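Inside the fold
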Amino acid sequence: RCNSFWRCDLGLGDQVGGDGRLMPPETGLRGGQDPSGTLLQEVMWGPLDVVTGATLTMLVVISILSFGGVVGTSAGYETSVTSPAGYIVGALSSVLAVLLVRVTRSPLWPVVVAISMGVGLVSASYLLATDAGDGVAEVVGVPVSIIAVTVMSASFAVIGFALSTMRYREPVGALGFIRTSGIKPYLFAAGMWLIGIVALLVVMQFLIFLGIDFLLPPDTAQQALDEADGNIVITLLLVAVVGPVAEEIFFRGFVLTGLLRRFGVARALLLSSLLFGAFHIDPGAILLTFMLGLVLGWVYLKTGSIWPAIFAHSLHNAVAVLAAKYWTAA
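Residues numbered from 1 in each chain as written. Predicted model: local features only at pLDDT ≥ 70, side-chain atom pairs only at ≥ 80, totals over all residues. Heavy atoms only, no water.

1. So, the overall build of the protein chain
Counting its regular elements, the protein chain contains nine helices and seven strands. Put simply, the protein chain has 330 residues, and 48% of those count as buried. In the protein chain, the proportion of contacts linking residues at least 24 apart, taken out of those at least 6 apart, comes to 71%. Entry remark: accessible area of the protein chain is about 15800 Å², with carbon and sulfur atoms responsible for 69%. (Helix = DSSP H or I, 4+ residues; strand = E, 2+ residues; numbered from the N terminus. Buried < 20%, exposed > 50% of the residue type's maximum accessible area, 1.4 Å probe, protein only. Contact = heavy atoms within 4.5 Å. Areas by Shrake-Rupley, 256 points an atom, 1.4 Å probe, with all protein chains shown as cover.)

Below is the structure:
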């Protein structure tokens, strides 16, 4: 049964109270609509966990890039990481990640697995790769850079799960994995995405008028296509499936939900979007992803489910890739 026109909560562990209303399982998840007007449920993790998660994610990513990059350089491919600096940075990042886990009493093994598997997959890819020309490493036609980005995206989801559902023994519904009712939440997500795109275009025109070119979004879709040698299937799989799922689990399911009780809707949405943008480093990408984060966060807040946010994120990335593939070629 559904508690709103677009969300159904009945699942494993749910109970129905004496008054006929759905009651959440006794796992720290408090059911019902938040007084702020959102459909998110109260969770046990908070801002300190969010800070820990963001720091751990950066340390894991640096470890993977450093160790994997050194192996790639040793194998004769062009990377930005050399030995012995790469080994030193990678080892230091890994040690700091483990220390942070111990200090905060967070689950250790997911972080160790994320670093070990990430480094192992990227390193093995370089060792098995062939030169596609210009120093580009490929494994069965897939650029190692694509594999590396996929692995690093997956680490977002691992850290999000480790510091939420695993640490506090919350159900996966606490991260937004709630079944929705009908097509309305996805139409709402698509509509919000269109509004966000229009707002972004207006901001871009304003930046062009002012001559602030460094804040203009880079053509990341075309870059991804170039790295995949124009292979639309591989690019869509990475950019429009793996990336959105992993990033939504972390930034909306974990970060936004963890900030909501302490900071309220407006500030939690703003802070989570700023973090989402900051993780993309490039000034232009920061602005684009910040605005996208506001849209995706609002979709998550109003539907109470992570699926519509993943849908909107995937829609955005898929449209960008398809436009880069076919529009520029037309």
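Okay, back to it.
2. Focus: the packing of helix α4 (residues 144-166) against helix α7 (residues 232-278)
When two helices pack together, you describe them by how their axes are tilted relative to each other and by the distance separating the axes. It is at 9 Å that the axes of α4 and α7 come closest, and there the two elements cross at 25°. It follows that α4 is roughly parallel to α7 by the angle criterion. Here the hand of the crossing between α4 and α7 comes out left-handed. The segment α4 lies against α7, with Ile 146, Val 149, Thr 150, Ser 153, Ala 154, Phe 156, Ala 157, Ile 159, Gly 160, Phe 161, Leu 163 and Ser 164 engaging Ile 234, Leu 238, Val 242, Gly 243, Ala 246, Ile 249, Phe 250, Phe 251 and Phe 254. Partitioned by chemical class, the residues of the contact of α4 with α7 number 16 nonpolar, five polar and no charged. (Axes fitted to C-alpha atoms, helices over the stretch in contact; angles between N-to-C directions. Parallel < 35°, antiparallel > 145°, perpendicular 65-115°, else oblique. Left-handed = near helix turned anticlockwise from the far one by under 90°. Nonpolar A, V, L, I, M, F, W, Y, C, P; charged D, E, K, R; others polar.)

3. What about the packing of aromatic side chains?
Summed over the entire model, instances satisfying the criterion amount to 14 aromatic pairs. On the numbers, 5.0 Å between centres and 90° between planes, the contact of Phe 250 with Phe 251 is edge-to-face. Ring geometry for Phe 250 versus Phe 279: centroids 6.3 Å apart, planes at 55°, classification tilted. Taken as a pair, Phe 250 in helix α7 and Phe 279 in the loop between α7 and α8 (283-303) lie far apart in primary sequence, 29 residues in all. Under the relative-accessibility criterion, Phe 279 is labelled buried at 16%. Each residue in the set Trp 45, Phe 156, Phe 250, Phe 251, Phe 254, Phe 276 and Phe 279 is aromatic and connected to the rest through ring pairs, giving one cluster. We note Arg 262 situated over the ring of Phe 263; from NZ or CZ to the ring centre the distance is 5.1 Å. (Phe/Tyr/Trp six-rings, centres within 6.5 Å; stacked < 30°, edge-to-face > 60°. Lys NZ or Arg CZ within 6 Å of the ring centre and 35° of its normal.)

4. Quick word on helix α1 (residues 47-74)
In this model α1 runs 41 Å from its N-terminal to its C-terminal C-alpha over 28 residues, within 8% of the 40 Å that 1.5 Å per residue would give. Within two residues after α1, Gly 76 carries a phi angle of roughly 100°, on the positive side. (Expected span 1.5 Å × (residues − 1).)

5. Focus: the sheet that holds strand β6 (residues 137-139)
Read across the open sheet, the three strands follow the order β5-β6-β7; overall the sheet is antiparallel. Strands with a single pairing partner mark the edges of an open sheet, and in this sheet they are β5 (130-131) and β7 (142-143). Looking at chain direction, β6 and β7 are connected through two bridges and run antiparallel. By the bridge assignment, Glu 138 is partnered in β7 with Pro 143. (Pairing = 2+ DSSP bridges.)

6. Comments concerning the environment of Phe 188
Of note, Phe 188 is situated in helix α5 (residues 184-210). Between the C-alpha atoms of Phe 188 and Ala 309, which are 121 residues apart in sequence, the distance is 10.0 Å.

7. Topic: the packing of α1 against helix α2 (residues 85-104)
Packing of α1 against α2 brings their axes to within 8 Å, and their N-to-C directions diverge by 155°. Here α1 is positioned roughly antiparallel relative to α2, judged by the angle of their axes. For the crossing formed where α1 meets α2, the hand is left-handed. Seen from α1, the contacting residues are Thr 52, Thr 55, Leu 56, Leu 59, Ile 62, Ser 63, Ser 66, Phe 67 and Val 70; seen from α2, they are Gly 86, Tyr 87, Val 89, Gly 90, Ala 91, Ser 93, Ser 94, Leu 96, Ala 97, Leu 100, Val 101 and Thr 104. Taken together, the residues of the contact of α1 with α2 sort by class into 12 nonpolar, nine polar and no charged.

8. Notes on the pattern of salt bridges
Scanning the entire structure with this criterion turns up three salt bridges. Ionic pairing is found between Glu 42 and Arg 261, a salt bridge with its closest N-O pair at 2.7 Å. Within this pair, whereas Glu 42 is found in the loop between β4 (22-23) and α1, its partner Arg 261 is found in helix α7, the two being separated by 219 residues in sequence. By relative accessible area, Glu 42 is classed as partly exposed at 34%. (Salt bridge = Lys/Arg side-chain N within 4 Å of Asp/Glu carboxyl O.)

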